[in-house]
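# Coordinates in review
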Amino acid sequence: MRKFVVAFICLLVSPLTLASTLNEINFFQLPGERFEVRMSFDTPPPQPKGYTIEKPARIVLDFPEVVSGLKERRFPLAVDNGQSAMVLTSEGRTRLILNLNDLASYTTRTDGNSFIVEVGAAKGSDTGQASRPAVEVATKSTFKENDTLGNQTKITNIDFRRGTAGEGRVIVTLSNPKISADMVGTGAGVKLSFKDAWLPPELRRRLDVVDFATPVSLVSATQEGETSVLNVSAGGDFDYLAYQTDNEYVLSIKPLTEQEKQEKKKDFEYTGEKLSLDFQDIEVRAVLQIIADFTELNLVASDTVQGRITLRLQNVPWDQALEMVLKNKGLDKRQVGNVLMVAPAAEIAERERQEITTKKQLEELAPLRTEYIRVRYANAKEMFELFSDGGGSGGGGGQGGNRATGSVLSERGQGVVDERTNSIIITDTAERIEAFKRLVDQIDIPIRQVMIEARIVIANTDFERELGIRWGGVGYNANRNRVIDFAGSQEGLDDEDGTHPSRWFNPGPDDDDNTLNLTENNVVDLAVNDPYASAAIGILTDSTYLDLELSALENSGYAEIVSQPKVITSDKQLAIIKSGKEIGFLETAPSGGTTTGFREAVLKLEVTPQITPDNRIIMDLNVWKDSVASIEVSGRPTLDITRLQTKVLVNNGQTVVLGGVFSLEGTKGENKVPVLGDIPYLGRLFKKTVDNQFKTELLIFVTPKLMSDTLAN
């Protein structure tokens, strides 16, 4: 059994021991734009097989029964005509790939356990050493399915997607990112060519992508020799660009917006379908006939159109080609409907001059007629002034009329404005009257209206807190039979004649003048004025009275004043709304006497709206919110002024905050008896505290709303 296991292990190990191992690879620069690749093996190397590729330029050598012992697989080449080298091991062989800038010839030789490749040397050159025959070189010139080269340079997939902006995206997946692509715009769309790229038969198809709603309608993929070709058909006005990310080549075709169409038209005014013309010494009439057949237009050429021309135009708009031919031969064109007339420029100019002269003569002989034109929305007088000479206008029905400018009415035409019926009476030829009617119809339209709503919010918050104390007392000296005031003031004792304290609060019928006024006998008088609550305590003995009163006040309030003026006006028309009062007062006149003056304390809104084409509103705003603050002695009022003047652009129905003012007033005070009020705790009996806060916030909101057309009508 042991012998059997040993034999089995030898059979497994024997193939590995027979294979050579690549231990080292080095690169050396040689004179004459040549370089050398030296590969070191643990045994004499086998003879490799190889081939070359032109695009991308590379040399490939396969070493059978060789295993790579290198730590890396990719090596950058810092030599002339070299990009990189790769060493790959797979299925019992090791492949050396040399990526070059340009394909060059190479020779190989063996030196002991080393294999040397010299790139850039002539085949069969003498290296001065024992050389071996060059390896077999197979150059790929045609594509074959399932071979190594076909797997490396081919298109693996073609896909189509719609972008978020409505663009069509043709996505081509390549097996090698170095495959070169050529993009050319054609009359039908865009043509993509991938040179030396194999297109598998399953991808040679036509993709109908009309349902994606993009400018692209068809993607056709074919193989032309060694080049894969994609024809992308697109319609309408579009723009295209291409970019490549690794193995993905993306062609994006997007539709043009109206603004981009206008810009493109400015840059390139020709928009006809593209064609190609290649003729030598051909008659001009024949070229015009070819263009007429291409555009399906009827052609009328003058007898004076003669001459021959040589031209070669590739993929140009037909109107540009026609313009080039006409300019080259001094010709001009006029198109009426689907009829194209071509003649020398001087002949066309003379013909048009004669037509104008004839038309003017017919107009001078044409009969005049009078027509009554009713103006519905505009002011007839103001409208007629737009067309009258020198800015004058026809008066009412009884006044003479004015002749409007020649661009509107003829020299014989006249117009009269009837202000009573808001109408214009025109006397002119039928053609001029119809032109005037068309002009009135375009101008006499209802003006859009806007409702502007403003809100002025004033919020007031106030807080007040006061805490005070008052205490005092009196005493009675029995020996001297008199009253002693602790506070040192005699005002409260003026009516006392030394009566006993028991008579201070219980006087007899005849003792009304002997009562005691305790509020005027205070040691400390720091009480709150008009307190909301107070607490008092007193001590009365046979000879003494002592009282203490604590008073407090706390007040908080919130007030909100909302003013909401609203006004409706027409586009570009000033609107004013005002509400309030006028205050009269006497003031000195310049002559020295007195006169009556007035000041307004009003809420006022002035606005001039302008409606933009995208239904937004530009508002020129003036907002007043004035109120009476006080009246001076002279009777002149003092006003609190809140005003705003601005110009703002707002969306329809959007509320915007135009401005705001926030103010905060705070007051903290303390009244106390010197020294005594600073005593900790006990000093509270000798002080008064005040804490006041007043906050005001002003906000102005404006909301414009467009009136519906049905309501305006």
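Here is a short report on the structure shown in this document. Remember, predicted model here, so these are calculated numbers, not experimental data. (Residues numbered from 1 in each chain as written. Predicted model: local features only at pLDDT ≥ 70, side-chain atom pairs only at ≥ 80, totals over all residues. Heavy atoms only, no water.)

## Describing the sheet that holds strand S9 (residues 106-111)
To be explicit about the condition: We treat two strands as partners when DSSP finds at least two bridges between them. Think of it this way: any DSSP run of H or I at least four residues long counts as a helix, any run of E at least two long counts as a strand, and we number them from the N terminus. Here an axis means a line fitted to C-alpha atoms, over the contact stretch when the element is a helix, while the angle between two N-to-C directions is reported on a 0 to 180 degree scale.
Strand order in the open sheet formed by 5 strands is S5-S1-S2-S10-S9, with mixed pairing between adjacent strands. Unpaired on one side and paired on the other, strand S5 (66-68) and S9 mark the two borders of the sheet. Taking the axes of each pair of neighbouring strands and ignoring which way they run, one obtains an average angle of 30° across the sheet. Judged from the 6 bridges that link them, strand S2 (residues 34-41) and strand S10 (residues 114-119) form a sheet pairing that is antiparallel. By the bridge assignment, Glu 36 is partnered in S10 with Glu 118.

## Quick look at the side chain of Arg 95
To be explicit about the condition: The definition of a polar contact used here is a pair of N or O atoms within 3.5 Å, where within protein one atom must be able to donate a hydrogen and the other to accept one, and adjacent residues in sequence count solely through side-chain atom pairs.
Of note, Arg 95 is situated in strand S8 (residues 93-100). A polar atom in the side chain of Arg 95 sits 2.8 Å from the side chain of Asp 62.

## A few points about the sheet that holds strand S13 (residues 168-174)
One open sheet holds the 4 strands; their spatial order is S12-S13-S20-S19, and the pairing between them is antiparallel. The sheet is open, and its two edges are formed by strand S12 (155-162) and strand S19 (238-245), each paired on a single side. Each adjacent strand pair in this sheet contributes to an overall mean axis angle of 15°, direction not counted. Pairing between S13 and strand S20 (residues 248-255): 6 bridges, direction antiparallel. Its bridge partner lying in S20, Val 170 is registered against Leu 251.

## As for the packing of aromatic side chains
Which entries qualify depends on this criterion: Ring pairs are drawn from Phe, Tyr and Trp, using the six-membered ring of Trp, whenever the two centres fall within 6.5 Å, and their geometry is named by plane angle: stacked under 30 degrees, edge-to-face over 60, tilted for the rest. Residue exposure (1.4 Å probe, protein chains only): buried if accessible area is under 20% of the type maximum, exposed if over 50%, otherwise partly exposed.
Counted according to the given criterion, the structure contains 6 aromatic pairs. When the ring of Phe 27 is compared with that of Phe 75, the centres are 6.2 Å apart and the planes differ by 50°; the resulting orientation is tilted. Here the residue Phe 27 occupies a position in strand S1 (residues 20-30), and Phe 75 occupies one in strand S6 (residues 74-76), the gap between them amounting to 48 residues. A residue is classified by how much of its surface remains accessible, and Phe 27, at 23% relative accessible area, is partly exposed. Ring-pair connections join several aromatic residues into one group, and the members of that group are Phe 41, Phe 63 and Phe 115.

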